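Report on the structure
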Amino acid sequence: MSIEWYIVLSSLLFATGAMGILLRRSPIVILLCLELMLNAGNLALVAFSRMVGNEEGQVFALVVMVVAACEVVVGLGLIVAIFRRKLPLDVDELTELRG
Amino acid sequence: MSSTGWAWLVLLLPLLGSVSVALSFRAVPARVAGAVGTAAVGAAFLCAVAALLSLLGDDADSRHHASTLWTYAQAGGLEIDLGIYVDQLSVFMMLVVTGVSTLIHLYSFGYMKSDEGYHRFFSYLNFFVFSMLLLVLAGNFVLLIVGWAFVGFASYALISFWYRRTTATGAGMKAFVINVVGDIGLVLAAFLIVRELGSFDYETVFAKAPEVFSQGGWTVTAICLLLLVGAFAKSAQIPFHTWLPDAMEGPTPVSSLIHAATMVTAGVYLIARTNVLFYLAPTAADIAAFVGLATLLIAGTIAIAQTDLKRAIAYSTMSQIGYMIMGVSIGAYSAGLFHLMTHAFFKALLFMTAGSIISAMANRQDIDRMSGFWKAMRFTSIMFVIGGLALAAFPLTSGFFSKDSILSFAEARGGMYAWMAVGGYVGAFLTAIYTFRLIFRVLPGRPCEEAQHLIESGELYHGPPINPATEEEEDTDVGFPGAHHHIAEQSWPMAAAMAVLAFGALFAGLIQVPGVDNVLFGFLDPAFHDSPLAEIHPSVGAEWRGLAIGAVISVLGIALAWFLWVARPELPALFRERLRPVYLLCLNKWYFDEAIELLIVRPALAIGRFANDVFERRVVDGIVDGTKGAVGGAGGIVRVVQSGFVRTYALLLIAGFAGLALYFLVVAS
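Residues numbered from 1 in each chain as written. Chains lettered and ligands numbered in written order. Predicted model: local features only at pLDDT ≥ 70, side-chain atom pairs only at ≥ 80, totals over all residues.

A word on the overall build of chain B. Summing up its helical and strand segments, chain B has 27 helices and 2 strands in all. By the burial criterion, 52% of the 669 residues in chain B qualify as buried. Sequence separation of at least 24 residues holds for 81% of the intrachain contacts in chain B that already meet a minimum separation of 6. (Helix = DSSP H or I, 4+ residues; strand = E, 2+ residues; numbered from the N terminus. Buried ≥ 20, exposed ≤ 12 C-beta atoms within 10 Å, placed from the backbone. Contact = placed C-beta atoms within 7 Å.)

This is the structure in structure tokens:
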């Protein structure tokens, strides 16, 4: 299979994630969309790595996965904290860090 | 052990004393601290004697040794060693400093007995001795400056010793500031020396100076004038003298140690040490000689009018240092140092007697209130008379020989220097008058209230704690001389120290009697063999003629003082009336303080005020406020974007990246 298919899929996944972040208001869904974007990046990395023929891209993809896992931990922790304080689970309502 | 080994020990002992006394002030009773401090300096004196003996064991021409512990600093091809230089001059200074200091420590042991800050006092005192020894032993200009600055600090600390007294802290600051002016002169001189000669080391500098500098060249004259600024500030010569009388606010042993015997002679030492440079710069040497002459005359006239016992003696110190500065500047190196030694004896003694009398007067220093102490304090009075006789150069006392050895050298050098000798004799006449004015007003007559109290009850008079300078009530904590005083009659350490000094004041001159013996000059002269001026020697006949003139002048001065203040005591008041402008000039110290206030302090304050009102408020504050405003304004604009809506941020981010990607696409295609 040629490289283009992978790139197209990756772009679609990335665009879906980005749209999700821009359009949805629930923090959980935003987190899911972020994961989607990261994995789109991973897909592109792995695909290019195969095309070039070395393993550096794959290693990098593994690193991204680790970072993504950490990010999920922090993000979910935040969401649990928001929930426990009985704050609305809606990013548009949480505007206290306004400048 | 070699002479340098002993010299290192001399340096080390007072430092150890200072540190150990300072650190043990909680653990050790006051008397032990005093004993340790005194013993440290006493041991240093013994080591100095050992260094002298070791030096005498060498051949007369090779009595100079340099010794280095380690390299102190290294930069730009310049190496500065932690090194000392031991020769006849530094050994002589070492002996005078440690010898007199030991006695003054002993005196302080009794005098400061009931002071709250006993540990602090002895720690400072030892530190001072260490600094002074560093100054005289230093083997290069950097270490000299270090010692020079340490001495200035020690002097500040000791003058301000009673730190609750505002007059004392003010006097300390004044002394420190004027000393720092001198330090700047010295530092600049050292800078010029290293620029021209490439070294700080005494041996190198003095060896290369005659090759590099031409006789009377500009650079060497500038170096010497800058050295003189340092010397004048430390030695209280006009116009840097105003700190010395004020420094009398410190405890009397401090006046005795710093302001009579050791510190103020640092300038004399400096000129003697750098005699090679001064020979190359005759203009600077002549200026120094004239300033010395002017100081000795002006200070003499001021001393006649002062009514404060210690201040009068302080002006006398200035005057005597004037002799020394004049001596070492015209080439009478050994004679100047001889006077330095005898002066250390009799002036330290005079201050000690003054301290004893002031204690009996419950801290009053005004001689108008004093009389009749001959009946009340016999021992102190005898010491006072001995010190006074030596100061007035009474025949066969130490001051008689040392003062005249300077003046007969000036006469032998001839030309205008002979006129300086005439000025010196006028100064000697003034010296005899003011010294015996003090003696005749304090000792004879009907005992004053305080003296009467001492005679009747055998106890000291206790007045209310009042600062005699301002009549303010004293802080009775540690800020004043203390409620309990000590006089020589009741305290053996004080009496012992005074007795030894009195012996020196009477007989120290006998080591250098023209035509009879030549102990001191024989020892010191080889140290100055580089200077052709040291070749000039007045003939024995001329010296004895000078001595005879000195004797006549001294006796005449004493007789005049007797006539004015004992036989016809109404005359001085008459003179005060008739010669009112002259009297006011002398009483107000020739208005030097006022002139300095007007010429230096006021303009400096005006510049400071200008800097504060215009430069600081407008320029500096303008820059600061402008920066603040710019940052704040820019922040205000950017703040609009920070809406707090996460999705807006995400949109901006994505739009930004999309824009960047587009840009690169356009550029690439």
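Still more to cover.
Glancing now at the overall build of chain A. Helix and strand content of chain A: 3 helices and 0 strands. Order of helices (α) and strands (β) in chain A, N terminus to C terminus: α-α-α. Rg of the C-alpha trace for chain A: 17 Å, well past the compact-globule value of 13 Å for 99 residues, more than 25% over. The principal-axis extents of the C-alpha atoms in chain A amount to approximately 50 × 25 × 25 Å. Counting all 99 residues of chain A, 13% fall into the buried class. The long-range fraction of contacts in chain A, counting pairs at least 24 apart against all pairs at least 6 apart in sequence, stands at 46%. (Rg over C-alpha atoms; globule rule 2.2 N^0.38 Å.)

This part covers unusual backbone geometry. Residues and elements named next belong to chain B. Of note, the amide linkage connecting Ile-238 to Pro-239 takes the cis form, showing an omega dihedral of 0 degrees. Following the sequence through the fold, Pro-239 ends up in the loop between helix H8 (218–235) and helix H9 (243–246). Positive phi outside glycine occurs at Ala-393, with the angle close to 55 degrees. In this fold, Ala-393 is placed in the loop between helix H17 (378–391) and helix H18 (398–413). Note on Ala-393: 31 C-beta atoms within 10 Å, which makes it buried. Even without being glycine, Tyr-591 reaches a positive phi, approximately 55 degrees. Summarising the element assignment, Tyr-591 is placed in the loop between helix H25 (580–587) and helix H26 (592–639). C-beta crowding within 10 Å serves as the criterion here: with 12 such atoms nearby, Tyr-591 is assigned to the exposed category.

Below, the discussion takes up the interface of chain B and chain A. Every contact between the two is made by 10 residues of chain B and, on the other side, 10 residues of chain A. Of all the elements, helix H27 (residues 646–668) of chain B adds the most residues to the side of chain B that touches chain A, at 5 residues.

Further remarks concern the packing of helix H6 (residues 166–197) of chain B against helix H7 (residues 202–212) of chain B. Residue and element names in this part refer to chain B. Interaxial distance between H6 and H7 falls to 10 Å at its minimum, and their mutual angle equals 65 degrees. Considering their axes alone, H6 and H7 lie roughly perpendicular with respect to each other. The chirality of how H6 crosses H7 is left-handed. Facing H6, whose interface residues are Ile-193, Glu-196 and Leu-197, H7 presents Thr-204, Val-205, Lys-208, Ala-209 and Val-212. Of the residues contributing to the contact of H6 with H7, the split by class is 5 nonpolar, 1 polar and 2 charged. (Axes fitted to C-alpha atoms, helices over the stretch in contact; angles between N-to-C directions. Parallel < 35°, antiparallel > 145°, perpendicular 65-115°, else oblique. Left-handed = near helix turned anticlockwise from the far one by under 90°. Nonpolar A, V, L, I, M, F, W, Y, C, P; charged D, E, K, R; others polar.)

Time to look at helix H15 (residues 333–360) of chain B. Residue and element names in this part refer to chain B. Helix length check: H15, at 28 residues, gives a terminal C-alpha distance of 40 Å against a target of 40 Å (1.5 Å per residue), a fit within 8%. If you look at H15, its biggest bend is around 25 degrees, right at His-343. Summarising burial for H15: 28 of the 28 residues are buried, a large majority. Following H15 by one or two positions, Ala-362 adopts a phi angle in the positive range, close to 55 degrees. (Expected span 1.5 Å × (residues − 1). Bend = angle between axes of the 7 residues up to and from the residue.)

Attention shifts here to the confidence of the model for chain B. Looking at chain B, pLDDT values average 89 and 99% of them are 70 or higher. What the predictor reports for the complex is a pTM of 0.81 with an ipTM of 0.85. (pLDDT = per-residue confidence, 0-100.)

The subject of this paragraph is the pairing of strand E2 (residues 78–86) of chain B. Residues and elements named next belong to chain B. For strand E1 (residues 65–75) and E2, the ladder comprises 8 bridges, and the chain directions are antiparallel. Bridge assignment links Ala-75 to a residue of E2, and that residue is Leu-78. The hairpin turn running from E1 into E2, its antiparallel successor, is 2 residues long, and Gly-76 in that turn takes a positive phi close to 55 degrees. (Pairing = 2+ DSSP bridges.)

Time to look at the packing of H15 of chain B against H18 of chain B. All names here are of chain B. Two elements in contact, H15 and H18, have axes whose closest approach is 9 Å; the angle formed by their N-to-C orientations is 155 degrees. Between H15 and H18, the angle falls in the class roughly antiparallel. In the crossing of H15 with H18, the sense of the turn from one axis to the other is left-handed. Counted together, Ala-335, Gly-336, Phe-338, His-339, Thr-342, Phe-345 and Phe-346 of H15 and Ser-398, Gly-399, Ser-402, Lys-403, Ser-405, Ile-406 and Phe-409 of H18 form the full contact between these two elements. Counted by class, the contact of H15 with H18 contains 6 nonpolar, 7 polar and 1 charged residues.

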